[in-house]
Amino acid sequence: DARVTQTPRHKVTEMGQEVTMRCQPILGHNTVFWYRQTMMQGLELLAYFRNRAPLDDSGMPKDRFSAEMPDATLATLKIQPSEPRDSAVYFCASGGQGRNTIYFGEGSWLTVV
Amino acid sequence: SQKIEQNSEALNIQEGKTATLTCNYTNYSPAYLQWYRQDPGRGPVFLLLIRENEKEKRKERLKVTFDTTLKQSLFHITASQPADSATYLCALDQNSGGSNYKLTFGKGTLLTVNP
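Overview of the structure.

Calculation criteria
- Residues numbered from 1 in each chain as written.
- Chains lettered and ligands numbered in written order.
- Predicted model: local features only at pLDDT ≥ 70, side-chain atom pairs only at ≥ 80, totals over all residues.
- Heavy atoms only, no water.
- Disulfide = S-S within 2.5 Å.
- Helix = DSSP H or I, 4+ residues; strand = E, 2+ residues; numbered from the N terminus.
- Buried < 20%, exposed > 50% of the residue type's maximum accessible area, 1.4 Å probe, protein only.
- Pairing = 2+ DSSP bridges.
- Axes fitted to C-alpha atoms, helices over the stretch in contact; angles between N-to-C directions.
- Core = buried A, V, L, I, M, F, W, Y, C linked by side-chain atoms within 4.5 Å.
- Contact = heavy atoms within 4.5 Å.

**What about the state of the cysteines?**
The term disulfide refers to a covalent linkage connecting the sulfur atoms of a pair of cysteines.
Residue and element names in this part refer to chain B.
Reasoning step 1: Applying the stated criterion across every chain, the model contains two disulfides over all chains.
Reasoning step 2: Linked covalently through their sulfurs, Cys 23 and Cys 90 form a disulfide whose S-S length is 2.0 Å. Taking the sign of the torsion about the S-S bond as the criterion, the disulfide between Cys 23 and Cys 90, at about 60 degrees, is right-handed. Here Cys 23, found in strand E3 (residues 19–26), pairs with Cys 90, found in strand E9 (residues 86–93); they are 67 residues apart in sequence, far enough to count as distant.
Reasoning step 3: We classify Cys 23 as buried; its relative accessible area is 0%.

As structure tokens, then:
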């Protein structure tokens, strides 16, 4: 059963620490999205990649967030330094070429204290 | 500015009734609109996609309508069951169906179906 895999599922960290979240998209999918979900803002698109190239990261705070795809099977989202306002659920999603629907992972639940 | 608004944050209905959820948008010209379901602690799951040239789409007990003049989609669940209780999200493509599609989501409506 193909699915998007995210790690860690849960992370509690102290303010100022670096946080790295990882995502393995569904094999063969060429588009990868990073979303952040909070009660106040809902699902916000942070960045997305097509064929490993970044297409849009306008939703991401550039000073502390970075997103990369080192290879087709791994996407990373890094926060450095983390702040309490970064506490949220971070979702990775992937989509196949020519298809418009996307498939979400189970999320990484981040708490920054 | 672009907005996607879902009619209410929460909707409570009785089992067996039809649930109707609304998604309104402004300053978009989407080629298609999608609906997703999200259960607590889980990621959203795709349910239905409707294209701009389609008025209605059905899948089992689900029905979606899309009115590009009103800039509105309605999502119906007929013969609702407690298992249908979840948050339902609508999503639009920001790039009018181009190859670089980018989905933007509404905040969702929490549906509770009471037995």
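There is more to say after this.
**Things to note about the sheet that holds strand E8 (residues 74–79) of chain A**
Residues and elements named next belong to chain A.
Reasoning step 1: Across the sheet, which stays open at both edges, the four strands sit in the order E1-E3-E8-E7 with antiparallel pairing between neighbours. The open sheet has two edge strands, strand E1 (5–7) and strand E7 (65–71), and neither has a second partner. On average, adjacent strands in this sheet sit at an angle of 20 degrees to one another, irrespective of strand direction.
Reasoning step 2: Here five bridges tie strand E3 (residues 19–24) to E8, and the two strands are oriented antiparallel to one another. Looking across to E8, one finds that Thr 20 is bridged to Lys 78.

**Description of the sheet that holds strand E8 (residues 72–77) of chain B**
All names here are of chain B.
Reasoning step 1: Taken together, the five strands give an open sheet; going across it, the order is E1-E3-E8-E7-E6, and neighbouring strands pair in antiparallel fashion. Where the open sheet ends on each side, the last strands, each with one partner, are strand E1 (3–6) and strand E6 (56–59). When the angles between neighbouring strand axes are averaged without regard to direction, this sheet yields 15 degrees.
Reasoning step 2: Two elements, E3 and E8, share six bridges in a ladder whose sense is antiparallel.

**Points about the nonpolar core**
Side chains that are nonpolar tend, in soluble globular proteins, to be buried together.
Reasoning step 1: Among the nonpolar cores identified, the biggest contains 23 residues, and B:Leu33, B:Trp35, B:Phe75, B:Ile77, B:Tyr88 and B:Leu111 are the most heavily contacted of them.
Reasoning step 2: Secondary structure elements with two or more residues in this core: E3, strand E4 (32–38), strand E5 (45–51), strand E7 (62–67), E8, E9 and strand E11 (109–114) of chain B.
Reasoning step 3: Here B:Leu111 is in contact with B:Leu11, B:Ile13, B:Ala19, B:Ile77, B:Asp84, B:Ser85, B:Ala86 and B:Tyr88, once residues within four sequence places are set aside.
Reasoning step 4: Counting residues in each nonpolar core, the second largest holds 22 residues, with A:Val4, A:Phe49, A:Phe65 and A:Val112 among its members.

Purely geometric stuff here, so don't read any function into it on its own.
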